[in-house]
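Structure at a glance
So the chains spell out like this:
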Amino acid sequence: MTRRSAIAGLAGLACSCAGGGRKQFAVAFSQANNAEPYRAAQNALMQKLWGERADVRLAISDAQQDNSRQVAQVETFIRQRPDLLIVAPNERAALTAVMGQAMEAKIPVICLERDILQPSYTSYVHSDNVAIGRKAGQFIVDHLTKKYGAPKGNVVAMRGLLGVEGEINRDNGAKEVFGRHPNIRIVADPVADWIQAKAKDRMTEVLRSQPKIDVVYGHNDPMAVGAYLAAKELGREGEMIFVGVDGLAGEAGGIKKVMDGVLAATFVYPLCVDKAVEVGDRILREPGFRPEKEYVIESTMVTAENAASLLG
C-alpha cells in the first residue's frame, strides 16, 4: 500500500477495491500544524499504525496553524467522503462548524487531542490537560518549598496558542495549585504559540525586565527549551528551573532534555494516536460498534529519576 500525504490521495478511493474485490478504506487526517515536534510525532505514528493495515489508505493535510486553511481542507475531505475523518483542531471555535458538517454527511469523526465548542464528533480521544497542569503546578510548588523552605517564588508561564484547550487547561490547572500559595507569583506570561523560536524571543524580553525568576513553566517542551536557550545566552540559566509538557521520546524530545539537565521535569502528553487508530479501525470494520464519546489517556511525570527508563 502506498500512503499519500496529499488531500488528492483520497479522491475516488472510498469506492475502490483492492485485488480480489476487497474494499479499501479511506482515512483522512487533518493536522493542525506539522511543524510542531509533537504533531510531527503524531503524523509519524499515524502513518505507521495505519500503514500496518493493507486495506487502509491514509491522507494527511497540514493546516500550518491556520484556521481558514484547516477548515478548507476539512471541507475538501468531506466532499471526498472518506470512511473515517480524524481531526486535530488548530483552534476549538474555528473547527466546530465544519466538523459538524462532516457528521451531518454521515462521516465518522474522531476529534484528536484538542476539543471543539460542541461535541460534533463520533469520539474524542485526549489526555486531561487540567490534570497535567495540576501536576506541573505541584512539582513547581514542591521545588520552591525545597528551595526556600516555604512555597514562594517567581514563575514565568510561557503560554501556547491562546484559545486552544491545551493551553487554557494547562494554564488553569497550574494556577489552581499556585492559588493555594499566595507567595508564589506569576511575574510574566508571554505567548509563544507553542514555537521554540518565539519562546526564546519572548523569554529574552522577560529576562531583561525581571531580575528574579525561579521557574519557567512552558506549556510545551519546545517553549520551555526556547526559554532555557534565552536564559543561557544571558548567563542566567542556573538561576531557575525549566518545566515543560509533551515528554516526547527521541534525541530532541522532552525526555532526553530532562536527562540532559535542560528541563527539570516534563509531563508526557500522550500522542493519543494509538487509541484513535484502535477506535477508528473498529469503526471501519465493525458495523455494530459504538465507540465511547470520550477516551482519556493518562499522563506520566518525567524527572531525572525516571527519564532514562522512560526513554528506553
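So, a few notes on the structure that sits alongside this text. (Residues numbered from 1 in each chain as written. Predicted model: local features only at pLDDT ≥ 70, side-chain atom pairs only at ≥ 80, totals over all residues. Heavy atoms only, no water.)

1. Observations concerning the side chain of S123
What counts is decided by this rule: The secondary structure listing takes helices from DSSP runs of H or I that are at least 4 residues long and strands from runs of E that are at least 2 residues long, numbered from the N terminus. It only takes one pair of heavy atoms within 4.5 Å for two residues to be counted as in contact.
Mapped onto the elements of the fold, S123 is located in strand β5 (residues 123–127). In this structure, S123 is in contact with V109, I110, C111, P291, E292, K293, E294 and Y295, ignoring residues within four places of it in sequence.

2. Considering the layout of surface pockets
What counts here: Using a 1 Å grid laid over the protein atoms alone, points where a 1.4 Å probe fits but cannot get out form a cavity; open sets with protein on both sides within 12 Å along at least 5 of 7 lines form a pocket; any residue with an atom within 4 Å of a point counts as lining. Grid points are joined across faces, edges and corners, and a volume is the space filled by probe spheres set on the points. Each residue is assigned to one class: nonpolar for Ala, Val, Leu, Ile, Met, Phe, Trp, Tyr, Cys and Pro, charged for Asp, Glu, Lys and Arg, and polar for all the others, Gly among them.
If you add up the space inside the largest pocket, you get close to 180 Å³. Every residue lining the largest pocket is counted, 14 residues in all, and those nearest its centre are P37, P222, A252, G253 and G254. When contributions to the lining of the largest pocket are tallied by element, the ones reaching two or more residues are α7 (221–233) and α8 (254–259). The element best represented in the lining of the largest pocket is α7, accounting for three residues. Of the residues in the lining of the largest pocket, the class split is six nonpolar, four polar and four charged.

3. Quick look at the sheet that holds strand β3 (residues 84–87)
In plain terms, the rule: By this definition, two strands are paired if DSSP reports at least two bridges between them. In this description, a line fitted to the C-alpha atoms serves as the axis of each element, helices being fitted only across the stretch in contact, and the angle between N-to-C directions of two axes falls anywhere from 0 to 180 degrees.
Pairing is parallel across the open sheet formed by six strands, whose spatial order is β2-β1-β3-β4-β5-β11. Bordering the open sheet on either side are β2 (56–62) and β11 (294–297), each of which pairs with just one other strand. Averaged over neighbouring strand pairs, the angle between their axes works out to 15° when direction is ignored. Sheet topology note: the strand β4 (residues 109–112)/β5 ladder contains three bridges and is parallel. Within the sheet, the bridge partner assigned to I110 lies in β5 and is S123. Across the sheet, helix α9 (residues 273–285) is in contact with β1 (25–31), β2, β3, β4, β5 and β11; its angle to β4 comes to roughly 175°.

4. What about unusual backbone geometry?
The backbone of Q65 shows a phi angle near 60°, a positive value even though the residue is not glycine. In this structure, Q65 sits in the loop between β2 and α2 (67–80). One non-glycine residue, C272, lies in the positive phi region at around 70°. Of note, C272 is situated in the loop between β10 (266–267) and α9.

5. A few points about the packing of aromatic side chains
Formally: For Phe, Tyr and Trp, where Trp contributes only its six-membered ring, two rings pair if their centres lie within 6.5 Å, and the inter-plane angle classes them as stacked under 30 degrees, edge-to-face over 60, or tilted in between. Using a 1.4 Å probe on the protein chains alone, a residue whose accessible area is under 20% of its type maximum counts as buried, one over 50% counts as exposed, and one in between counts as partly exposed. By definition here, charges over rings are those cases where NZ of Lys or CZ of Arg is within 6 Å of the ring centre and within 35 degrees of the ring normal.
On inspection of all chains with the given rule, the structure shows three aromatic pairs. An angle of 35° between the planes, with centres 5.4 Å apart, marks the rings of Y38 and Y269 as tilted. Remark: Y269 occurs in the loop between β10 and α9 and Y38 occurs in helix α1 (residues 37–51); sequence separation between them is 231 residues. Between the aromatic rings of Y121 and Y124, the centroid separation amounts to 5.6 Å while the plane-to-plane angle is 45°, which identifies the pairing as tilted. Judged by relative accessible area, Y121 falls into the buried class, the value being 10%. Just above the ring of Y269 sits the side chain of R170; from NZ or CZ to the centre is 4.4 Å.

6. Description of the sheet that holds strand β9 (residues 241–243)
The sheet built from four strands is open, its strands ordered β7-β6-β8-β9 with parallel pairing. Every interior strand has two partners, whereas the edge strands, β7 (184–188) and β9, have only one. Averaged over all pairs of adjacent strands, the angle between strand axes in this sheet comes to 30°, irrespective of strand direction. Relative to strand β8 (residues 215–218), strand β6 (residues 153–158) runs parallel, the two sharing four bridges. Bridge pairing in β8 places V156 opposite V216. The sheet contacts of helix α4 (residues 129–148) involve β6, β7, β8 and β9, and relative to β8 the element is tilted by about 170°.

7. Looking at the environment of P222
Topologically, P222 is positioned in helix α7. Through-space distance from the C-alpha of P222 to that of D66 is 19 Å; in sequence the pair is 156 residues apart. Beyond its immediate sequence surroundings of up to four residues, P222 is in contact with P37, W194, Q196 and D246.

8. Examining the packing of helix α6 (residues 196–209) against α7
Under the convention used in this document: In what follows, roughly perpendicular refers to angles from 65 to 115 degrees, roughly parallel to angles under 35, roughly antiparallel to angles over 145, and oblique to any angle outside these ranges. Note on convention: near helix rotated counterclockwise from far helix by under a right angle means a left-handed crossing. Clockwise means right-handed.
Here α6 crosses α7 at 45°, and the two axes come no closer than 7 Å. As judged from the angle between their axes, α6 and α7 are oblique. In the crossing of α6 with α7, the sense of the turn from one axis to the other is right-handed. Each of Q196, A199, K200, M203, T204 and L207 in α6 lies in contact with α7, whose residues at this interface are P222, M223, V225, G226, A227, L229, A230, A231 and E233. Residue composition of the contact of α6 with α7, by class: ten nonpolar, three polar and two charged.

Scope: geometric values only; no functional claims are made or implied.
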